[in-house]
Amino acid sequence: MASYRILLTPGDGIGPEVIAESLKVLEVVQKRFKHEFQFDEEQVGGAGIDAHGVALRPETVEKAKKAAAVLFGAVGGPKWDNPQAIARPEDAILGLRKQLGLFANLRPVRIHPLLAADSTLKPEVLEGTDMVVIRELTGGLYFGKPQKRWETARGRQAVDTLKYSEQEIDRILRVGFNLARQRRKKLTSVDKANVLRTGQLWREIATEVGKEYPDVALEHQLVDSCAMRLIREPSSFDVIVTENMFGDILTDEAAMLSGSMGMMPSASLGKRDRKGLGIGLYEPIHGTAPDIAGQKKANPLAMILSAAMMLRLSMGLEKEAAAIEKAVDDVIAEGYRTPDIAGTGSKTVNTIEMGDLVAGKL
Ligand code: IPM
Ligand code: MG
């Protein structure tokens, strides 16, 4: 019986509620497919600040490094919202990404046909949309130095630094090309080469790496026009690859194509072994939703689908991952919806009921 260590970091707001439902589903997978999952749990984010004074303890990072994967809820909330505070909940996710070397963030965007009608976009615009956005995760503006603020005689100033090395750009582009190769063989590299030096370097390296992948059609697109095309012609994308900050913004936009952030999983990956597996951090792309926390209204499907990505990308358990995804599709097909995706004629259920329904299908 194969055994896998999983570190759970529920975090804040609806994080613990949705983590609990993914756990329920993983427990069924464990029995049905005869695996052993060893769960450990750590407080991070605001919960970490309350419990230990910091968003992310070194002990937590050590545990994460020994695990096959981290299942991450969400962090942040009004209680810890002072932007000048020394400890910020976001340090937990940023620290884990950086310290685990998780440089590639994969955010798949698939529109469930039964949910298309509830999107803010017209169903005919959404038809056929099936893309993966790959966001560079450990470089760029989020981590570049200097990053600071200070006082001057003429007022306050602050600086962030947008810096990328050839190695960083090269390795994320390769993640993009390799994924495109397994899909429809189209890669859109997104930059701001008309203004930024980092954008020019990005485009140059994308073109160079592209020569090694003649079977993949590479196109370059400026980030502003990409934002526009995402809502005008979303089905024209296959794989998008872009730098950290642009990826942060574009993936929130792309997530809304599906009608709700509550449906969108993500994987953050580092170096892979020869089988293509390795440690990863898996999290829904939604936040802590403090307005509905504790009310059993949260949609656990993004978290459950993130757990499926974990089984596939860190453990190589393809059958198990596909079984979870099918269970989610079946529950949706039967008309069950949490409030965020409820539409006419659907049966509204709460967080726990949704978790039970998916677990029951397995
Ligand atoms: C995301 C989030 C994070 C980010 C925050 C919570 C730091 O918005 O994962 O997209 O900006 O990367
Ligand atoms: Mg974001």
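So, here's what we can say about the structure. Along each chain, residue indices are assigned from 1 in the same order as the chain's sequence is written. In the order they appear in the text, chains get letters beginning with A and ligands get numbers beginning with 1. Reporting of local features is limited, given that this is a predicted model, to residues whose pLDDT is at least 70; pairs of side-chain atoms are given and counted only at 80 or more, and all residues count toward the totals for whole chains, interfaces and linings. Where side-chain values are given, they derive from all heavy atoms of the structure, hydrogens and water being excluded.

In spatial order, the strands read S2-S1-S3-S12-S11-S4-S5-S10-S8-S9; together these 10 strands make up an open sheet with mixed pairing. Both outer strands of the open sheet, strand S2 (36–41) and strand S9 (217–222), are each paired with one neighbouring strand and no more. Pairwise comparison of adjacent strand axes, ignoring direction, gives a mean angle of 25 degrees for this sheet. As paired strands, strand S5 (residues 130–136) and strand S10 (residues 239–242) are joined by 4 bridges and run parallel to one another. Residue pairing across strands places Arg135 opposite Thr242, the latter belonging to S10. It only takes one pair of heavy atoms within 4.5 Å for two residues to be counted as in contact. Working convention: axes come from line fits to C-alpha atoms, limited for helices to the stretch in contact. Angles between N-to-C directions cover 0 to 180 degrees. Each helix is a run of H or I in the DSSP string that is no shorter than four residues. Each strand is a run of E no shorter than two, and both are numbered from the N terminus. With respect to the sheet, helix H8 (residues 223–232) is in contact with S5, strand S8 (186–191), S9 and S10, its orientation differing from that of S9 by roughly 105 degrees. Here a strand pair is declared whenever DSSP counts at least two bridges between the two strands.

What follows covers the site of ligand 1. In the neighbourhood of ligand 1, the contacting residues comprise Glu90, Arg97, Arg107, Arg135, Tyr142 and Asp248. We define a polar contact as two N or O atoms separated by no more than 3.5 Å, with the added condition that, inside protein, one atom must be a possible hydrogen donor and the other a possible acceptor, whereas residues neighbouring each other in sequence contribute only through side-chain atom pairs. One nitrogen or oxygen atom from the side chain of Arg97 is found 2.7 Å from an oxygen atom belonging to ligand 1. Between ligand 1 and Arg135, the relevant distance is 2.8 Å, taken from an oxygen atom to a side-chain nitrogen or oxygen of the residue. Accessibility throughout is a Shrake-Rupley quantity obtained with a 1.4 Å probe, and a residue counts as covered only by protein chains that appear here. In isolation ligand 1 offers 320 Å² of accessible surface; the protein chains occlude 75% of this area. Considering only residue class, the shell around ligand 1 consists of 1 nonpolar, no polar and 5 charged. Neighbouring residues are identified by heavy atoms, a residue being near a molecule or strand if any of them is within 4 Å of it. Classification convention: Asp, Glu, Lys, Arg as charged; Ala, Val, Leu, Ile, Met, Phe, Trp, Tyr, Cys, Pro as nonpolar; all other residues, Gly among them, as polar.

For the rest of this paragraph, the subject is the nonpolar core. Here, the term nonpolar core denotes a set of buried Ala, Val, Leu, Ile, Met, Phe, Trp, Tyr and Cys residues that are joined through side-chain atoms within 4.5 Å. Relative accessible area decides the class of each residue, using a 1.4 Å probe on protein chains only: under 20% of the type maximum gives buried, over 50% gives exposed, and in between gives partly exposed. Ranked by internal contacts, the top residues of the largest apolar core, which has 84 residues, are Leu71, Leu173, Met310, Leu311 and Met315. Here this core takes 10 residues from helix H10 (residues 301–315), the largest share from any one element. Setting aside chain neighbours within four positions, we find Met310 in contact with Ile6, Leu26, Ala69, Leu71, Tyr282 and Met315. Core analysis: the next-biggest nonpolar cluster, separate from the first, contains 18 residues, Leu7, Val44, Ile49 and Leu96 among them.

A side chain of one charge can pair with a side chain of the opposite charge if their charged atoms are brought near each other. Each reported salt bridge corresponds to a side-chain nitrogen of Lys or Arg within 4 Å of a carboxyl oxygen of Asp or Glu. Under the definition given, this model contains 27 salt bridges. One salt bridge connects Arg57 with Glu42, and the closest N-O pair in it is separated by 3.0 Å. Of the two residues, Arg57 sits in the loop between helix H2 (45–52) and helix H3 (58–66) while Glu42 sits in the loop between S2 and H2, which places them 15 residues apart along the sequence. For Glu42, a relative accessible area of 6% gives the class buried. Between Glu42 and Lys63 there is a salt bridge; the shortest N-O distance is 2.9 Å. Separated by 21 residues along the polypeptide, Glu42 in the loop between S2 and H2 and Lys63 in helix H3 bring together distant segments of the chain.

Among the 9 residues in strand S1 (residues 3–11), 7 count as buried, and that is most of the element. The pairing of S1 with S2 spans 6 bridges and is parallel. If you follow Leu8 over to S2, its bridge partner there is Glu41. For crossovers, right-handed means that the path from the first strand over the helix to the second runs clockwise, given strands pointing away from the viewer. Traced from S1 through helix H1 (residues 15–33) to S2, the parallel crossover comes out right-handed. Where S1 lies against strand S3 (residues 69–74), 5 bridges are found, and the strand directions are parallel. Within S3, the position partnered with Leu8 by the bridge is Leu71.

What follows is about the packing of aromatic side chains. In this description, an aromatic ring pair is defined by two values, namely the gap between the centres and the angle between the planes. Each Phe, Tyr or Trp ring, with Trp reduced to its six-membered ring, pairs with another whose centre is within 6.5 Å; inter-plane angles below 30 degrees give stacked pairs, above 60 give edge-to-face pairs, and intermediate values give tilted ones. The full count for this structure, using the stated rule, is 4 aromatic pairs. Where Tyr4 meets Phe37, the ring centres are 6.1 Å apart and the plane angle is 45 degrees; that geometry is what we call tilted. A residue pair is termed long-range when its members are at least 10 positions apart, and Tyr4 in strand S1 and Phe37 in strand S2 qualify at 33 residues. Judged by relative accessible area, which is 16%, Tyr4 ranks as buried. Of the residues examined, Phe37 reaches a relative accessible area of 5% and is grouped as buried. The structure contains a cluster of three or more aromatic residues connected by ring pairs, namely Tyr4, Phe37 and Phe39.

Regions of empty space are outlined by a rolling probe, equal in size to a water molecule, passed over the atoms. Using a 1 Å grid laid over the protein atoms alone, points where a 1.4 Å probe fits but cannot get out form a cavity; open sets with protein on both sides within 12 Å along at least 5 of 7 lines form a pocket; any residue with an atom within 4 Å of a point counts as lining. Grid points are joined across faces, edges and corners, and a volume is the space filled by probe spheres set on the points. Counted by the stated rule, this structure contains 2 cavities of 30 Å³ or more. For the largest cavity, the calculated volume is near 70 Å³. Lining the largest cavity, in full, are Leu162, Tyr164, Val190, Asp191, Lys192, Leu196, Thr198, Gly199, Trp202, Glu243 and Phe246. Of all the secondary-structure elements, those providing two or more residues to the lining of the largest cavity are S8 and helix H7 (197–210). Looking at the lining of the largest cavity element by element, the count peaks at 3 residues for H7. For the lining of the second largest cavity, the secondary-structure elements that each account for two or more residues are strand S4 (104–110) and helix H9 (244–256).

This next bit is on the environment of Lys319. Within the secondary structure, Lys319 sits in helix H11 (residues 318–333). Given a relative accessible area of 59%, Lys319 falls into the exposed group.

Take a positive patch on the surface next. Two joining distances apply to patches: 9 Å for like charges and 5 Å for nonpolar side chains (Val, Leu, Ile, Met, Phe, Trp, Tyr), and every residue must have over 30% relative accessible area and no salt bridge. In this charge count, Lys and Arg are treated as positive and Asp and Glu as negative; neither His nor the chain ends contribute. For this purpose, a charge sits on NZ of Lys, CZ of Arg, CG of Asp or CD of Glu. Judged by side-chain charge, Lys98, Lys145, Arg171 and Lys271 come together as a positively charged surface patch. Relative to the helices and strands, Lys271 resides in the loop between strand S11 (265–269) and strand S12 (280–284). By relative accessible area, which is 75% here, Lys271 ends up exposed.

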